[in-house]
Amino acid sequence: RKEVEQDPGPFNVPEGATVAFNCTYSNSASQSFFWYRQDCRKEPKLLMSVYSSGNEDGRFTAQLNRASQYISLLIRDSKLSDSATYLCVVNGGSSNTGKLIFGQGTTLQVKP
Amino acid sequence: DVKVTQSSRYLVKRTGEKVFLECVQDMDHENMFWYRQDPGLGLRLIYFSYDVKMKEKGDIPEGYSVSREKKERFSLILESASTNQTSMYLCASSSGTVNTGELFFGEGSRLTVL
């Protein structure tokens with residue numbers, strides 16, 4: 001089983017749609033969770049951290065379910081500019097010398 | 001503005017050649033990382049460093065080595081390039097604890113080994 005698993009997609013949605021991505025992780029000791037965004041032929045950039053109580057940043061909402069070891073990203077009112085690959089990232093354990101583990105990414109295509 | 005600069009965007013090398021990939025960051029970050037990214041496999045950590053002259057193996061260190069002689073510079077070395085090392089290589093840096101800080105990535109170096 002991969003340490004961080006995502007549905008690769010692609011997810012094809014019309015502008016204005018709401019879309020949700022899921023991510024599962026295998027290490028129950030993981031403490032830090034993130035979503036990164038990677039545009040085509042560009043480097044990944046941090047989209048948002050994921051907090052235990054869930055958090056929102058404009059049209060983006062991130063949720064964490066520790067019991068199920070599951071993270072989600074919800075995008076409301078999709079824009080063409082949201083088209084990208086979304087990477088789920090989890091730290092490898094509770095140790096400060098652990099490492100960040102990337103999922104393979106979920107590709108979103110927003111169509112006019 | 002934060003900046004991670006990778007010396008070469010595109011390289012083509014022959015099997016058996018020694019390859020150097022250079023990465024420089026101007027943010028005074030303690031931590032630096034080398035990843036490779038392949039379709040269907042995502043980003044995989046090759047090596048990382050949390051201080052000058054310190055290095056730690058990541059998930060796939062075989063066939064690679066690294067050097068961190070100065071805080072701002074982290075080099076990835078392929079001692080004898082092989083075709084299965086054809087990939088996109090991404091350097092990143094962060095501050096704070098090595099597994100919680102935001103990663104800042106360079107634009108990547110696409111290496112083709114013939």
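Coordinates for the structure precede this section.
None of the values given here were measured: they were computed from a predicted structure.

Caption draft 1: Examining the nonpolar core more closely. Within the largest apolar cluster, 24 residues are counted, with the highest numbers of intra-cluster contacts made by Phe21, Trp35, Ile71, Leu73, Ile75, Tyr86 and Leu108 of chain A. For this core, the secondary-structure elements that each account for two or more residues are β3 (19-25), β4 (33-38), β5 (44-50), β7 (60-65), β8 (70-75), β9 (84-91) and β11 (106-111) of chain A. Formed by 21 residues, the second largest nonpolar core is a distinct cluster that contains Met27, Met32, Tyr64 and Ala81 of chain B.

Caption draft 2: Examining the state of the cysteines more closely. Tallied over the entire structure, the rule returns two disulfides over all chains. The disulfide bridge from Cys23 of chain A ends at Cys88 of chain A, spanning 2.0 Å between sulfur atoms. One quick way to see it: the torsion about the S-S bond of Cys23 of chain A and Cys88 of chain A is about -75°, and its sign makes the bridge left-handed. A residue pair is termed long-range when its members are at least 10 positions apart, and Cys23 of chain A in strand β3 and Cys88 of chain A in strand β9 qualify at 65 residues. Exposure class is identical for Cys23 of chain A and Cys88 of chain A. Each is buried. Covalent S-S linkage joins Cys23 of chain B and Cys91 of chain B, the inter-sulfur distance amounting to 1.9 Å. Looking down the S-S bond of the Cys23 of chain B and Cys91 of chain B bridge, the torsion is -75°, so its handedness is left-handed. Here the residue Cys23 of chain B occupies a position in strand β3 (residues 19-25), and Cys91 of chain B occupies one in strand β9 (residues 87-94), the gap between them amounting to 68 residues. Under the relative-accessibility criterion, Cys23 of chain B is labelled buried at 0%. In this structure Cys91 of chain B comes out as buried when scored by relative accessible area, which is 0%.

Caption draft 3: Inspection of the interface of chain A and chain B at higher detail. Between chain A and chain B, the contact holds 20 residues from the first and 20 residues from the second. Between chain A and chain B the total buried area reaches about 1,700 Å² when both faces are included, carbon and sulfur atoms providing 54% of it. Remark: the boundary between chain A and chain B carries zero salt bridges. At the junction of chain A and chain B, the tally comes to two residue pairs in polar contact (both at pLDDT 80 or more). Among the secondary structure elements, those contributing two or more residues to the side of chain A that touches chain B are β4, β5, β9 and β10 (100-102) of chain A. When residues of the side of chain A that touches chain B are assigned to their parent elements, the largest contribution, three residues, is made by β4 of chain A.

Scoring rules and cut-offs
- Residues numbered from 1 in each chain as written.
- Chains lettered and ligands numbered in written order.
- Predicted model: local features only at pLDDT ≥ 70, side-chain atom pairs only at ≥ 80, totals over all residues.
- Heavy atoms only, no water.
- Core = buried A, V, L, I, M, F, W, Y, C linked by side-chain atoms within 4.5 Å.
- Buried < 20%, exposed > 50% of the residue type's maximum accessible area, 1.4 Å probe, protein only.
- Helix = DSSP H or I, 4+ residues; strand = E, 2+ residues; numbered from the N terminus.
- Disulfide = S-S within 2.5 Å.
- Contact = heavy atoms within 4.5 Å.
- Buried area = accessible area lost by both parts, 1.4 Å probe.
- Salt bridge = Lys/Arg side-chain N within 4 Å of Asp/Glu carboxyl O.
- Polar contact = N/O pair within 3.5 Å; in protein donor to acceptor, adjacent residues only side chain to side chain.

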